[in-house]
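Single-letter residue listing:
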Amino acid sequence: MRFRAKIVDLACLNNFSRVINTIAKLAKTCTLRLTVCKLYFIVSDKVANGGTSMWCELCQGNFFDEFQMEGVAAEHNEIYLELVPENLSRALKTAHSAKAVKIKLTNKHCPCLRVAVELPSLSSSSRIVTHDIPVGVIPRRIWNDFREPTVPDFDVSIYLPVLKTMKSVVERMKNLSNFIVIEANLSGEMNLKIETDLVSVTTHFKDLGNPPWASEDGCQSSAQGRDLESMVEARIDIKKLQQLLAGQQVNPTKALCNIVSKRIVHFILLHEDVSLQYFIPALA
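Within each chain, residues carry numbers counting from 1 in the order of the written sequence. Residues qualify for local features only when their pLDDT is at least 70, as the model is predicted, and side-chain atom pairs are given and counted only at 80 or more; totals for whole chains, interfaces and linings, by contrast, use all residues. The basis for every side-chain value is the complete set of heavy atoms in the structure, and neither hydrogens nor water enter the calculation.

As named in an unreviewed UniProt entry, the chain is Checkpoint protein HUS1, taken from Cephalopterus ornatus. UniProt positions are given in the numbering used here, feature names are shortened, and annotations may be inferred rather than shown by experiment. Its UniProt record gives the chain the following Sequence similarities (unreviewed entry) comment, quoted word for word: "Belongs to the HUS1 family." Per its UniProt entry, the chain bears the Subunit (unreviewed entry) comment "Component of the toroidal 9-1-1 (RAD9-RAD1-HUS1) complex, composed of RAD9A, RAD1 and HUS1. The 9-1-1 complex associates with LIG1, POLB, FEN1, RAD17, HDAC1, RPA1 and RPA2. The 9-1-1 complex associates with the RAD17-RFC complex. HUS1 interacts with POLB, HDAC1, FEN1, PCNA and RAD9B. HUS1 does not interact with RAD17. Interacts with DNAJC7."

See below:
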C-alpha cells in the first residue's frame, strides 16, 4: 500500500487548502478514500441516529502535479484512511507561500501522512518543514460502510440563495432557537423559520429556481403532479446548518438543497473541481 503526491502550482495548493479547511469545520474526524483518479472525504455518521453525513469528491488531476498510489490489492486499488482534518488543515497553513508540498503515506511508529512543505529561502538550499499526521488504516472488510450515500426520493429540490446571505440570517436566528425549519416549494420559494414560545421569525426567499431534474431520473417522481405552491418542510438542528454555512471557504458555482418532507435535508455544493454533499436529518 503506497501513496505519494506533490503540488507545485500555488493556485492549486490554495484551492486544496480551502477544501481541507471547509472539511475541518464540518468534521472532527473523517475518512479519506484514495483512488487512482479521485480523493474522497467521507463522514458517515448514521443519519438514522441523528448524525450528519458528508461526501466530498475531488479529481486529483485538478490539484496535484504528481499523484501515485497502490491500493491494498490489485483488484481493490484503493486506500481508506481515518484522519483528523484539522491536523491536515494546520499543516497546510504553513504552505501558503511554498514552492512545493509533498504528501506521502509513511509508517514509522504508526501510519502517518507526511506533509513536507518546501519553503522559499534566501540561500540556495531550501527549507523543508515536515508534519507527520497520524492516520488509521481502515480494513477492507468495512469499506462498504463508506459508500456514497444514496440520495432519498426527495419532495422538493431548490437552488439555495447566496450562501453569505443565508449564513447571516441563520446566525441571527441561532441566538433565538436551537432548531430551524427549512421549507420550500416547486415555485422557487424557500423560507427559513424559527418558532419558540416567545417569538416566531420567518425569512422568505423567492425566485430561487428549481433544478431541472429529468423526470426519467426517477428522483423527482414524488414531486410530479404535486401542487407547485405547496411547501415541503423539515426541522433541523440550527447548529448543523450554521456549521455548513460557516465552513464554506470555497464559493460554490451551484448550491442546492433537496428536502424529503420531515425526514432529511440534503445539500449539494458544486465547484469547478469539488463537489460536496451534506445530509442533515430532520427532527421530530
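## Topic: the packing of aromatic side chains
We call Phe, Tyr and Trp rings a pair once their centres come within 6.5 Å, taking the six-membered ring for Trp, and we label the pair stacked below 30 degrees between planes, edge-to-face above 60, and tilted otherwise. Under the criterion given, the structure shown has seven aromatic pairs. When the centroid spacing of 6.2 Å and the interplanar angle of 45 degrees are considered together, the rings of Tyr80 and Phe146 count as tilted. Here Phe146 lies in the loop between β10 (136-137) and β11 (156-159) and Tyr80 lies in strand β6 (residues 79-83), a separation of 66 residues in the sequence. Of the two residues, Tyr80 and Phe146, neither departs from the other in class, the shared state being buried. Here the guanidinium or amino end of Arg33 rests over the ring plane of Tyr40, the centre of that ring lying 4.4 Å away. A run of H or I in DSSP counts as a helix once it spans at least four residues, and a run of E counts as a strand once it spans at least two, with each numbered from the N terminus. Type-normalised accessible area, obtained with a 1.4 Å probe on protein chains alone, sets the label of each residue: buried when under 20%, exposed when over 50%, and partly exposed for intermediate values. In this scheme, Lys NZ or Arg CZ marks a charge over a ring once it lies within 6 Å of the ring centre and within 35 degrees of the ring normal.

## Here we look at the sheet that holds β11
Pairing between sheet strands relies on hydrogen bonds along the backbone, with the strands arranged either parallel or antiparallel. Reading across the sheet, the nine strands line up as β10-β6-β2-β3-β4-β18-β17-β16-β11 and stay open at both edges, with antiparallel pairing between neighbours. The two strands at the open ends of the sheet, each matched to only one other strand, are β10 and β11. A pair of strands counts as paired when DSSP detects no fewer than two bridges linking them. Relative to strand β3 (residues 38-44), strand β2 (residues 30-34) runs antiparallel, the two being bridged by four bridges. Directly across from Leu34, in β3, lies its bridge partner Leu39.

## Description of the environment of Pro252
Tracing the backbone through its elements, the reader meets Pro252 in the loop between α4 (238-246) and β16 (254-260). Linking Pro252 and Val162, residues 90 residues apart in sequence, is a C-alpha distance of 9.7 Å. Residue contacts follow a heavy-atom distance rule, with two residues in contact if any of their heavy atoms lie within 4.5 Å. Dropping the residues within four chain positions of it, Pro252 is found in contact with Leu163, Leu269, Leu270 and His271.

## Here we look at the environment of Lys28
Mapped onto the fold, Lys28 is located in the loop between α1 (10-26) and β2. The exposure class assigned to Lys28 is exposed, which follows from its relative accessible area of 74%. Those residues in contact with Lys28, other than ones at most four positions away along the chain, are Leu83, Val84 and Pro85.

## Section: the packing of α1 against helix α2 (residues 85-93)
Interaxial distance between α1 and α2 falls to 8 Å at its minimum, and their mutual angle equals 150 degrees. As the angle between them shows, α1 and α2 are arranged roughly antiparallel. Crossing of α1 over α2 shows left-handed handedness. On the side of α1, the interface is formed by Leu13, Phe16, Ser17, Ile20, Asn21, Ile23 and Ala24, while α2 contributes Pro85, Glu86, Leu88, Ser89, Leu92 and Lys93. Only Asp, Glu, Lys and Arg are considered charged, only Ala, Val, Leu, Ile, Met, Phe, Trp, Tyr, Cys and Pro nonpolar, and every remaining residue, Gly among them, polar. Residue classes in the contact of α1 with α2 are distributed as eight nonpolar, three polar and two charged. Interaxial angles span 0 to 180 degrees and are taken between N-to-C directions of axes, which are lines fitted to C-alpha atoms, for helices over the stretch in contact. Each angle receives one of four descriptions, namely roughly parallel if under 35 degrees, roughly antiparallel if over 145, roughly perpendicular if within 65 to 115, and oblique otherwise. A crossing counts as left-handed when the near helix is turned anticlockwise from the far one by less than a right angle, and as right-handed when that turn is clockwise.

## Considerations on the domain arrangement of the chain
Per the annotation, domain bounds derive from an automatic or database assignment of domains. The assigned domain composition of the chain is domain 1 (2-145) and domain 2 (156-281). In this structure, domain 1 and domain 2 have C-alpha centres spaced 30 Å apart. The interface is formed by 20 residues belonging to domain 1 together with 18 residues belonging to domain 2. Here domain 1 meets domain 2 over a buried area of about 1,700 Å², counting both sides, of which 58% is carbon and sulfur. Salt bridge, as applied in this entry: a Lys or Arg side-chain nitrogen positioned within 4 Å of an Asp or Glu carboxyl oxygen. Along the contact surface separating domain 1 from domain 2 lie zero salt bridges. Definition of a polar contact: a pair of N or O atoms within 3.5 Å, with one able to donate and the other able to accept a hydrogen when the atoms are protein atoms, and with sequence-neighbouring residues admitted only if both atoms are side-chain atoms. Counting the contacts that link domain 1 with domain 2 gives five residue pairs in polar contact (both at pLDDT 80 or more). Broken down by secondary-structure element, the contributors of at least two residues to the side of domain 1 that touches domain 2 are α1 and β4 (53-59). A 1.4 Å probe defines the accessible area here, and the buried area is the portion of it lost by two parts on being joined, summed over both.

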